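Listed below are the residues making up each chain.
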Amino acid sequence: MVRDYSTFLPPSTAMDAPALPMLTRLGWQSFFAQQIDADALTRTPPARVTRVNRTTVHLLGDGIDMVLPLVSDLAVGDWVLLEEDRAAVAEVLDRKSLIKRRAAGHDRQVQLIAANIDTAFVVTSCNQDFNVARLERYLALAFEAEVDPVILLTKPDLSEDVATFVAEAAAISDMVPVLAVNAKSAEVAAQLAGWCKPGRTIAFLGSSGVGKSTLVNALSGTLTAETQGVRTGDDKGRHTTTRRELHLVSGGFAVLDTPGMRELQMTDAADGIADVFSDLADLAGGCRFSDCSHTVEPGCALKAGIAAGDLDPARLERWQKLVAEDAHNSATLAERKSRDKALGKTIKGIQKKSRK
Ligand SMILES: Nc1nc2c(ncn2[C@@H]2O[C@H](COP(=O)(O)OP(=O)(O)OP(=O)(O)O)[C@@H](O)[C@H]2O)c(=O)[nH]1
Ligand SMILES: [Zn+2]
């Protein structure tokens, strides 16, 4: 089924929004404003993290454009209150949303991808990049983060089979709009206008080469020097995004471009996974045993669904794989936290003893 979401969308917002207050352009919303009173607002002005480097953060606010040393646990998109002399971060405001993943590599720490995103455009292309399992991961990540996901299928102009890609993507979740968009076309800004309103923050997530930066540029109107600055040639001579950065675009909203993520491990995402597979979770409520593993038990509603041809066994498998991965990563994370705590106590104990 190819859904037409255009009826959901208000008419296109003009690309050049009338002069908007800087804080609005940066994505300042009542959710943040209500966390501080007017006095504190002038004393400790708010600023948004537009870039996180290894040791510094870039902050923008009303009359504020500065680089400060990185304090731990800040994510691009965070809103902070600055000290009166503006030399340091006084407070990080509560986040409306937070996208995170389990980092690749040996350490496998939780990596903060972006804070306070309203809409996450999950981008894939109408080609071999398209992968239902990966889309499900991205959607679970977005749902867990409390961000509204929208699937964008780029490069429809290069595919003979756009309707099939759209139908497969639309079958993943009833809660997620799916659009085929030619990122290089003039129409794309109008197609996304319903989500790109002044004061909002959108992000593009997806593999390398699917068109995220092309979409950012399409929404920006013109390619800014800064946008070009985040792109460097990789070994294949292509251009590729190398860091996360929040851009203010002329439409009055903020756009986050992210580098392609090769690995997307789940952690602490049980609710997000349940949202993506809510139909299966509902069905499982009909299993005879409440702790049914949907493998060998009698009276399993999911196995009955597969037998009746109502349920794709591959989808059940993908659900179980994600749930298992999430449980494994979340448990080891919890274990590590308690281990670190215990180690901290031991070290403190040793320090106390040696001071005696
Ligand atoms: N024909 C066509 N080409 C597209 C479309 N979207 C992107 N491209 C092209 O695909 C290539 C990769 O696009 P990028 O925007 O750099 O992809 P990206 O997702 O930002 O990639 P990374 O920066 O590596 O993460 C570029 O040559 C784009 O011009 C589309 O809808 N149609
Ligand atoms: Zn079952």
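To be clear, the structure that these remarks concern was listed above.
Values in this document were obtained by computation on a predicted structure and should not be read as measured data. (Residues numbered from 1 in each chain as written. Chains lettered and ligands numbered in written order. Predicted model: local features only at pLDDT ≥ 70, side-chain atom pairs only at ≥ 80, totals over all residues. Heavy atoms only, no water.)

Draft legend 1. Geometry of the overall build of the protein. Across its full length, the protein carries twelve helices and 15 strands. Looking at the protein as a whole, 46% of its 356 residues are labelled buried. Restricting to contacts in the protein with at least 6 residues of sequence separation, those with at least 24 account for 64%. Total accessible area computed for the protein in this model is approximately 17900 Å², and 53% of it derives from carbon and sulfur atoms. (Helix = DSSP H or I, 4+ residues; strand = E, 2+ residues; numbered from the N terminus. Buried < 20%, exposed > 50% of the residue type's maximum accessible area, 1.4 Å probe, protein only. Contact = heavy atoms within 4.5 Å. Areas by Shrake-Rupley, 256 points an atom, 1.4 Å probe, with all protein chains shown as cover.)

Draft legend 2. Inspection of the coordination of the zinc ion (ligand 2) at higher detail. Protein coordination of the zinc ion (ligand 2) is provided by C287 (SG), C292 (SG), H294 (ND1) and C300 (SG), with donor distances spanning 2.2 to 2.4 Å. Given four donor atoms and angles of 102 to 117° at the metal, the environment of the zinc ion (ligand 2) is assigned as tetrahedral. Read in sequence order, the donor residues coordinating the zinc ion (ligand 2) give the pattern C-x4-C-x1-H-x5-C. Taking the relative accessible area as the measure of exposure, C300 reaches 6% and is therefore buried. (Donors = N, O, S within 2.8 Å, 3.2 Å for Na, K, Ca; no water. Tetrahedral: all angles 85-135°; square planar, octahedral: opposite > 155°, others 65-115°.)

Draft legend 3. Representation of the pattern of salt bridges in the model. Under the definition given, this model contains eight salt bridges. Between R95 and D78 there is a salt bridge, with the nearest N and O atoms lying 2.8 Å from each other. Highlighted residues: R95 in the loop between β5 (89-92) and β6 (98-102) and D78 in the loop between β3 (64-69) and β4 (79-82), separated in sequence by 17 residues. Here R95 falls in the partly exposed class, since its relative accessible area comes to 29%. Taking relative accessible area as the criterion, D78 reaches 0% and is therefore assigned buried. For D118, the salt bridge identified is with K96, shortest N-O distance 2.7 Å. (Salt bridge = Lys/Arg side-chain N within 4 Å of Asp/Glu carboxyl O.)

Draft legend 4. Focus on empty space enclosed by the protein. For the coordinates displayed, the defined rule picks out one cavity of 30 Å³ or more. Volume-wise, the largest cavity comes out at about 50 Å³. When residues of the lining of the largest cavity are traced back to their parent elements, those giving at least two are β6 and α4 (132-145). Residue classes in the lining of the largest cavity are distributed as four nonpolar, one polar and two charged. (1 Å grid on protein atoms, 1.4 Å probe; cavity = no way out; pocket = protein on both sides within 12 Å on 5 of 7 lines; lining within 4 Å. Points joined across faces, edges and corners; volume = space filled by probe spheres on them. Nonpolar A, V, L, I, M, F, W, Y, C, P; charged D, E, K, R; others polar.)

Draft legend 5. Looking closely at the nonpolar core. I99, L139, I151, L153, I273, L302 and W319 are the most contacted members of the largest nonpolar core, which totals 50 residues. If one sorts the elements of this core by residue count, α4 sits on top with eight residues. Two domains each put at least three residues into this core: domain 2 (98-231 + 239-257) and domain 3 (277-349). Setting aside its immediate chain neighbours within four residues, I99 contacts Q111, L112, I113, A114, I117, L141, A145, V147 and L205. (Core = buried A, V, L, I, M, F, W, Y, C linked by side-chain atoms within 4.5 Å. Domains from an automatic or database assignment.)

Draft legend 6. Focus on the pairing of strand β14 (residues 245-248). Pairing analysis gives four bridges linking β14 to strand β15 (residues 254-257), with the strands arranged antiparallel. Note on β15: the bridge partner recorded for E245 is D257. Hairpin remark: β14 followed by β15, antiparallel, with five residues in the connecting loop; positive phi at G252, about 90°. (Pairing = 2+ DSSP bridges.)

Draft legend 7. Just the packing of aromatic side chains, in detail. The tally for this structure, following the rule as stated, stands at eight aromatic pairs. Note on F31 and F32: the rings are 5.3 Å apart at their centroids and 85° apart in plane angle, and the pair reads as edge-to-face. Given a relative accessible area of 1%, F32 falls into the buried group. Ring geometry for F130 versus F165: centroids 5.2 Å apart, planes at 65°, classification edge-to-face. Taken together, the positions of F130 in the loop between β8 (119-125) and α4 and F165 in helix α5 (residues 162-170) put the pair 35 residues apart, joining distant regions of the chain. For the pair shown, F130 and F165 are each scored as buried. Through a chain of ring-to-ring contacts, the aromatic side chains of W28, F31, F32 and W79 assemble into a single cluster. (Phe/Tyr/Trp six-rings, centres within 6.5 Å; stacked < 30°, edge-to-face > 60°.)

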